[in-house]
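Letter by letter, the chains look like this.
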Amino acid sequence: MTVQTPKSLPKRYYDLDYLRLFIVFLVIFLHSLLPFVMTYDWKINDVIKTFDFSVASRIIDVFIMPVMFYIAGYFAYPSIRKGIWKFIFGKITRILIPFAIGIVFLAPIISYFGFTQHKVIDMTFMAYWTQSYFNHFIDQQHFWFLSSLFLFFMVFAMVYAVFQRKFEKVYESAKTQSPSAIKISIFLAITLSLSIVLYYFAGRVYPDGTWITVLGLFQIEVTRWIGYALYFIVGIVACVKRVDIGERLSKHALMLSCAAVFMVYVYCDFCFGVYFSPDKGYLKASIQFIYAIEHVLFCFAMVITLLTIFKHLNRPSKVFERLAKNSFTIYIVHMVYTVVLQYYVVQFSLDIYTKFMIILVGTIVLSVATSEAISWIVQISRIRPNKRSIE
């Protein structure tokens, strides 16, 4: 593998940085909702649940991770052009090591509070961590995202190593000849069709919501994971072809927003009226196929709309830049705070909306504060005293 020096440094995409931050906060919002979602057994559950939160969680869960994988794919190519080995080492230090730390030190806390509320265990945390946690199946919690992301990056690194010249040729030619709207539409139509077909057939074996463990390393929700891989690939292709979807459609933000709202209604109406019907519609092939179409199209509508809306925020902001810089750390630590707060807050005699707000705000404040503290520690550790000559 050769080291490729980029011929031009990529510009700063503030919109994608801010969108990634927004999605991380949406993840916190979603996880804060889950104790109050009907027919859902979360790590921490309240005795009272509400349909409003059930609908909100269903909507958010569709598109948040596809956006994350698209952005990761979009930034992957500029990063790997700086050198393949540098790219691999960077992903090991930034993704694989945090994944290991999360599994060893943070996931046990999340599991412990969940098992305690479900009355599965009756022991101290230290006893659970040292005597029980590593002896059984290890739930990766939200760290599944890191293991899948690392896998995608490594596969991309291997593909790039083989077709490096082809990537560079396409990237350079795109400077003078950007793909036409027709070619982009055909590419997206093929990708969406493939996504629908794969989602449907995967759902026939593993209905939506089914998680499996592959090779003991990857915990994946099969139907969704296929879409994540496709969005990651689309992100790479968009960058290599120099196609800024948000920029191209920025003038149509209002129209796309209306279309997304319409898709929210159609998707939710089908989900709660047909798919999750008392006669178990989610097991019928015809209903699964329609659901695959609606799920994929709704997800696409939301991703395109968010890319377009955030393009209007493509400008420097000290506050947003600072938060965006720490968004990865916020994602890593947030679940511990969410679950611990949920464990204690659900015991309060408060309405569920107040409980939800306490959990949400508390998680955000604690996660941001922790990310700032970690950033400060890292910054301090890099400061080396000046060497002075001894006369």
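That block above? That's the structure.
The paragraphs below set out a description of the structure included in this document.

## Some details on the overall build of the protein
What the protein contains, in helices and strands, is 14 helices and two strands. What you see for the protein is a C-alpha radius of gyration of 22 Å, in line with the 21 Å of a compact globule of 391 residues. Projected onto the principal axes, the alpha-carbon positions of the protein cover approximately 75 × 60 × 40 Å. Scored against the burial criterion, the 391 residues of the protein give a buried share of 50%. In the protein, 81% of the contacts between residues at least 6 apart in sequence involve partners at least 24 apart. Accessible area of the protein: about 20,500 Å², with a carbon and sulfur share of 68%.

## As for the nonpolar core
As a rule of thumb, nonpolar side chains are buried together in soluble globular proteins. Formed by 122 residues in total, the largest nonpolar core has its most connected members in Phe156 and Phe232. Phe232 has contacts with Phe69, Tyr70, Ala72, Gly73, Ala76, Leu149, Phe152, Phe153 and Phe156, leaving out every residue within four places of it along the chain.

## Describing the pairing of strand S1 (residues 211–214)
As paired elements, S1 and strand S2 (residues 218–221) share four bridges and run antiparallel to each other. In the strand pairing of S2, Trp211 is matched with Glu221. Counting the residues in the hairpin turn of S1 and S2 gives three residues, including Leu215, whose phi is positive at 60 degrees.

## Structural notes on empty space enclosed by the protein
Here the structure, examined in full by the defined rule, presents three cavities of 30 Å³ or more. Quantified by volume, the largest cavity comes out at close to 240 Å³. When its residues are assigned to classes, the lining of the largest cavity shows 17 nonpolar, five polar and one charged. Put simply, the second largest cavity is a space of about 60 Å³. Lining the second largest cavity are Tyr13, Asp15, Leu16, Tyr70, Tyr74, Asp244, Ile245, Gly246, Leu307 and Lys311. Elements represented by at least two residues in the lining of the second largest cavity include exactly helix H1 (14–33), helix H2 (51–80), helix H9 (245–248) and helix H11 (285–311). The residue makeup of the lining of the second largest cavity, split by class, is six nonpolar, one polar and three charged.

## Re the side chain of Asn326
Among the structural elements, Asn326 can be located in the loop between helix H12 (318–325) and helix H13 (327–345). Excluding residues within four positions of it along the chain, Asn326 makes contact with Ser371, Glu372 and Ser375.

## Let's talk about the environment of Phe22
Position of Phe22 among the secondary structure elements: in helix H1. Relative accessible area serves as the criterion here: at 33%, Phe22 is assigned to the partly exposed category. Separated by 42 residues in sequence, Phe22 and Ile64 have C-alpha atoms that sit 9.5 Å apart.

## Comments concerning the packing of aromatic side chains
Under the defined criterion, the tally for this structure stands at 51 aromatic pairs. On the numbers, 4.8 Å between centres and 80 degrees between planes, the contact of Tyr133 with Phe134 is edge-to-face. The exposure class assigned to Tyr133 is buried, which follows from its relative accessible area of 2%. With 5.5 Å between their ring centres and 70 degrees between their planes, Trp144 and Trp211 make a pair best called edge-to-face. Here Trp211 lies in strand S1 and Trp144 lies in helix H5 (residues 144–162), a separation of 67 residues in the sequence. Classification of Trp144 by relative accessible area gives buried; the value is 10%. Taking the ring centre of Trp42 as reference, the NZ or CZ of Lys43 above it sits at 4.9 Å. The positively charged end of Arg242 is found above the aromatic ring belonging to Tyr171, 3.7 Å away from the centroid.

## Description of the layout of surface pockets
Any empty space left between atoms is shown by rolling a water-sized probe over those atoms. Taken as a whole, the largest pocket encloses approximately 1,600 Å³ of empty space. Contributing to the lining of the largest pocket are 50 residues, with Leu34, Tyr40, Asp41, Trp42 and Trp211 lying nearest its centre. Per element, the largest residue contribution to the lining of the largest pocket is seven residues, and it comes from H2. Its residues assigned to classes, the lining of the largest pocket comprises 28 nonpolar, 14 polar and eight charged. In this model, the second largest pocket occupies a volume close to 1,100 Å³. Taken together, 30 residues form the lining of the second largest pocket, with Arg20, Phe75, Ser79, Lys91 and Arg94 sitting closest to its centre. Contributing elements (two or more residues each) for the lining of the second largest pocket: H1, H2, helix H3 (84–117), H5, H12 and H13.

Definitions and cut-offs
- Residues numbered from 1 in each chain as written.
- Predicted model: local features only at pLDDT ≥ 70, side-chain atom pairs only at ≥ 80, totals over all residues.
- Heavy atoms only, no water.
- Helix = DSSP H or I, 4+ residues; strand = E, 2+ residues; numbered from the N terminus.
- Rg over C-alpha atoms; globule rule 2.2 N^0.38 Å.
- Buried < 20%, exposed > 50% of the residue type's maximum accessible area, 1.4 Å probe, protein only.
- Contact = heavy atoms within 4.5 Å.
- Areas by Shrake-Rupley, 256 points an atom, 1.4 Å probe, with all protein chains shown as cover.
- Core = buried A, V, L, I, M, F, W, Y, C linked by side-chain atoms within 4.5 Å.
- Pairing = 2+ DSSP bridges.
- 1 Å grid on protein atoms, 1.4 Å probe; cavity = no way out; pocket = protein on both sides within 12 Å on 5 of 7 lines; lining within 4 Å.
- Points joined across faces, edges and corners; volume = space filled by probe spheres on them.
- Nonpolar A, V, L, I, M, F, W, Y, C, P; charged D, E, K, R; others polar.
- Phe/Tyr/Trp six-rings, centres within 6.5 Å; stacked < 30°, edge-to-face > 60°.
- Lys NZ or Arg CZ within 6 Å of the ring centre and 35° of its normal.

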